[in-house]
Structure formats: C-alpha cells, structure tokens
Amino acid sequence: LSTMFPRMLISAFKKHQYICAQYYADVTVIFVKICSFHRLCDRLPPACVVEVLNVIYHEFDRLSDILYVYKVETVGEVYMAAVGAPEPIVNHADVAGHFGLAVQQSILCLKPRLDSIIGQSLKGPPAGNLDTSECFRIESQLDGAVVVVM
C-alpha cells in the first residue's frame, strides 16, 4: 500500500476512518516524460524497454523520497508527481524545481548504464543508432505550477 497511497491515507485505512477529498491551494505537479520513447519501443525488445524504465523510475523514486516529492503514478513514458500534496510544503515550486534538476542530472549519470542495457539488447555498439542524449531535456514553468522534464 505504501507505494500506492500517501502515508496519512494508509493510517486512516488501518483505523477504518472516513476519508474525504481534500483541497490543496498550493501544489506543484511534475511530469517527467521520456522523449522518443516510441523509438525505444520500436527498436528494442519489450523486456529491454521494461528494464530501461525500471532503472530510470527506480532512480526517480529514490529522488522523490529524498526530496519529499509524492509520486502519483507512472504511465508508460510519463512519471507524474506532486509537491505540496498530500503533505503541504510552503516552498513546493522550489522543491519541484530541485526535483526536475535532480532528475535531469540523474539521467546523465544513468546514461552509461542505459547505453549498456540498450547496447546489449541490440548486440551492437551502445545504443546503436539510438542517441539517448537527445531523449532528455528540461523545461520549467514554475509560475504555472508545472515542471516538465523530458
């Protein structure tokens, strides 16, 4: 349950308490999208795609734990998270910006490992024709409460 629900909801579930929807005025929503994901899917076996996503999302989960970012869900190539809900944080936009930068830096650190996984799957030079460096860039729109890392 701890990977699916916020801690405070799990506690309420265990106590059989009534849970109602809550309003959060100050929240930053974060979307991390893996660009050119369709190219990875077209060129790699499904098991390799899953392995690449597991490596990347495991690192994003680690960063979200460190920075108190709440992971909402992952759908395909998109990792969705929020700061400021379900636990209010005054500097939510700042934390989201730091998370975005940390995600971008982590991809650079993971690149050799990802290239190796992809290269082994293609049985050729790392990443073959797939240039993984083109897959990640960062865009911030903190005023609009959205940080997109691609």
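Data block above holds the structure.
Residues numbered from 1 in each chain as written. Predicted model: local features only at pLDDT ≥ 70, side-chain atom pairs only at ≥ 80, totals over all residues. Heavy atoms only, no water.

1. A closer look at the pairing of strand 3 (residues 78–83)
With 6 bridges connecting them, strand 1 (residues 28–33) and strand 3 associate as antiparallel partners. Among the inter-strand pairings, Lys33 is bridged to a residue of strand 3, identified as Val78. Pairing between strand 2 (residues 70–75) and strand 3: 5 bridges, direction antiparallel. Bridge assignment links Glu73 to a residue of strand 3, and that residue is Met80. The hairpin turn running from strand 2 into strand 3, its antiparallel successor, is 2 residues long, and Gly76 in that turn takes a positive phi close to 60°. (Pairing = 2+ DSSP bridges. Helix = DSSP H or I, 4+ residues; strand = E, 2+ residues; numbered from the N terminus.)

2. Quick word on the layout of surface pockets
Looking at the largest pocket, its volume works out to about 510 Å³. Residue lining of the largest pocket: 20 residues in total, with Arg7, Asp65, Val69, Tyr70 and Lys71 positioned closest to the centre. Those elements that provide at least two residues to the lining of the largest pocket are helix 1 (7–14), helix 3 (46–67), strand 2 and strand 3. Looking at the lining of the largest pocket residue by residue, the class counts come to 11 nonpolar, 4 polar and 5 charged. Within this model, the second largest pocket holds a volume of roughly 200 Å³. As for the second largest pocket, its lining consists of 13 residues, and the residues nearest its centre are Pro6, Leu9, Tyr24, Ala85 and Pro86. Elements with a minimum of two residues in the lining of the second largest pocket: helix 1 and strand 2. Its residues placed into classes, the lining of the second largest pocket shows 12 nonpolar, 1 polar and no charged. (1 Å grid on protein atoms, 1.4 Å probe; cavity = no way out; pocket = protein on both sides within 12 Å on 5 of 7 lines; lining within 4 Å. Points joined across faces, edges and corners; volume = space filled by probe spheres on them. Nonpolar A, V, L, I, M, F, W, Y, C, P; charged D, E, K, R; others polar.)

Spatial relationships are all this shows, so hold off on functional conclusions.
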